[in-house]
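Single-letter residue listing:
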2 protein chains.
Amino acid sequence: MKIDKSLVRTFPLFEKMDDADTEALLAHSTSRRVPVGEAVFEQGAAATHFFLLLHGRLKVTQVTEDGQQIIVRVVHPGDLFGFAKALMRSDYPGTATAVAESIALSWPTELWPQFVDKNPRLAVTAMQTIGQRLEEAHARIREMSTQEVERRVAHAVLRLAKQAGRKEGGAVRIDFPISRQDIAEMTGTTLHTVSRIMSAWEAKGLVEGGRQKLTVKDVDGLSALAETVKG
Amino acid sequence: MKIDKSLVRTFPLFEKMDDADTEALLAHSTSRRVPVGEAVFEQGAAATHFFLLLHGRLKVTQVTEDGQQIIVRVVHPGDLFGFAKALMRSDYPGTATAVAESIALSWPTELWPQFVDKNPRLAVTAMQTIGQRLEEAHARIREMSTQEVERRVAHAVLRLAKQAGRKEGGAVRIDFPISRQDIAEMTGTTLHTVSRIMSAWEAKGLVEGGRQKLTVKDVDGLSALAETVKG
DNA sequence: CGCGTTCTTTGACACATCGCAAACATGAGG
DNA sequence: CCTCATGTTTGCGATGTGTCAAAGAACGCG
């Protein structure tokens, strides 16, 4: 799979890995196409594989006991995901669903220890990733504890713009279909409130919305809003 | 230090470790007494050591850019804490402050790799711990996204009762000084709201409060409240 | 033992946000 | 090209929670 290899090479994770090792890793992988709306794995299922997203976009969601859904994170190309086993879990804590046509590589979890053994760098990266995720989670808790909805939404949108933004002139378009509902589930609010807020922003010329579309027209303006100390 | 060793032995972390290894670990450690209000380490400081709480109780806090504080977690005896380096971080993400007279063991972070090497079980436990923490963080995000304050507070109190509860007849007293402010910072609300809620609970006979004191008198009742689907 | 600090309780009020409901827009598929 | 499903906008009323303010209670310290 030549295409895979050259693509994989562009990811930070494999940057410092030599060709032989990369090859070895890929040799054991299975590539899988995931159409929009389909899940790579479901919350609670036995964690049989871990994954690397080659192309596309996924959202990882969790459902609460009483049926409400939240988006835990968005998976971008180059991200490792679903490595529950590295954390000594036997099942997936969330559901990973494609929001855009995606391609993912997968490995059986049993292979994880070998890989780590053979390539300590992988372990380090994995640790860093997990550390980052923990930090992100805490940042989100901090936000939800102390900030009003508008600022939270602003942060979320800016984050998306940074991670999945596509420059279009002075504006940045978010590169995959995302609904108000999605943003609401990422920020702990309702789609109604998100819609209202974004309408206001649109009036101010900060963003431009559309059905499952979102473009940030004034990054600085939105940043200012996100950082504003109330009062 | 015989006392340390026999105490340490009671912790799950060392349960399956043989005496020689335990001894070796302890040999490199430094024991430190932490009076109430004092910090073991501060947010942003270089992560020079990692720790094990022997006795007492700590709270780990973070301050937001605009000065608000949140409690990230409570550290109980037997817990490993401050191992930022295991996550490839060079500084501590939060501040650990004693809320009760405490004793902690510490090791230089440089020793971490050796320990892990020598005792793989430690690595596994550490991973599990981190996994748990990530999960807890997500659970908290879920709660904050979907539940009203009263349920969140109920959950927080029940968690504390489980982790730091001391049976007193049918009731469970939380075994360290905790203020309404603390609970507010754990649940993302204000001390006023917490106070109001707990007054209501007290009227219903669910809990009994006092200055920095809290006793759950009716665990089942409170649990019911925590799980209640609104409506 | 009394003083002052810290923590807690309570009231009144404002307001952000949710819930409900209905109209509207957009894009996909026949 | 029309129609239906899905996503979006908007209004209105209800209300949970934050904010401000002040009094009261508990504890530590001199």
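Residues numbered from 1 in each chain as written. Chains lettered and ligands numbered in written order. Predicted model: local features only at pLDDT ≥ 70, side-chain atom pairs only at ≥ 80, totals over all residues. Heavy atoms only, no water.

Participant: Residue-level account of the protein's contact with DNA strand C, with values.
Facilitator: Among the 20 residues in the neighbourhood of DNA strand C, the closest are listed as Val149(A), Thr189(A), Thr193(A), Arg211(A) and Arg211(B). Of all atoms in DNA strand C that approach within 4 Å of the protein, 62% are sugar or phosphate atoms. Within the side chain of Arg196(A), an N or O atom sits 2.9 Å from a base oxygen of DNA strand C. In the environment of DNA strand C, a phosphate oxygen lies 3.2 Å from a nitrogen or oxygen atom belonging to the side chain of Lys213(A). Only helix H8 (191-204) of chain A together with helix H7 (180-187) and helix H8 (191-204) of chain B provide two or more residues apiece to the surface near DNA strand C. Among the elements that take part in the surface near DNA strand C, H8(B) stands out by supplying five residues, more than any other. In terms of residue class, the surface near DNA strand C is built from two nonpolar, 11 polar and seven charged. (Near = heavy atom within 4 Å. Polar contact = N/O pair within 3.5 Å; in protein donor to acceptor, adjacent residues only side chain to side chain. Helix = DSSP H or I, 4+ residues; strand = E, 2+ residues; numbered from the N terminus. Nonpolar A, V, L, I, M, F, W, Y, C, P; charged D, E, K, R; others polar.)

Participant: Quick one: what's the story with the pattern of salt bridges, residue by residue and with numbers?
Facilitator: One pass over the structure, following the stated rule, counts 21 salt bridges over all chains. One salt bridge connects Asp182(B) with Lys59(B), and the closest N-O pair in it is separated by 3.2 Å. Residue Asp182(B) is found in helix H7, and its partner Lys59(B) is found in strand S3 (residues 49-63); the two are separated by 123 residues along the sequence. The partner of Arg173(B) in a salt bridge is Glu168(B), and the shortest N-O contact between them spans 2.6 Å. On the accessibility criterion, Arg173(B) (26% relative accessible area) is partly exposed. Salt bridges sharing partners connect three or more residues here, namely Arg89(A), Asp91(A) and Glu135(B). (Salt bridge = Lys/Arg side-chain N within 4 Å of Asp/Glu carboxyl O. Buried < 20%, exposed > 50% of the residue type's maximum accessible area, 1.4 Å probe, protein only.)

Participant: Report on the relation of the copies chain B and chain A, specifying residues and quantitative values.
Facilitator: Least-squares fitting of chain B to chain A yields an RMSD of 0.0 Å, with the transformation described by 0.0 Å of translation along the axis and a rotation of 180°. Given the turn and translation reported, the copies of this chain are related as if by a two-fold rotation axis. A share of 100% of interface residues in chain B that are also interface residues in chain A marks the association as one of identical surfaces. (Least-squares fit on C-alpha atoms with pLDDT ≥ 70 in both. Contact = heavy atoms within 4.5 Å.)

Participant: How would you sum up the protein's contact with DNA strand D? Please name residues and give values.
Facilitator: Contacts to DNA strand D come from 19 residues, most closely from Arg180(A), Ser199(A), Arg211(A), Thr189(B) and Thr193(B). The protein-proximal atoms of DNA strand D, defined as those within 4 Å of the protein, are 61% sugar or phosphate. Take Arg180(A): an N or O atom from its side chain is 2.8 Å from a phosphate oxygen of DNA strand D. Arg211(A) places a polar side-chain atom, nitrogen or oxygen, 2.9 Å from a base oxygen of DNA strand D.

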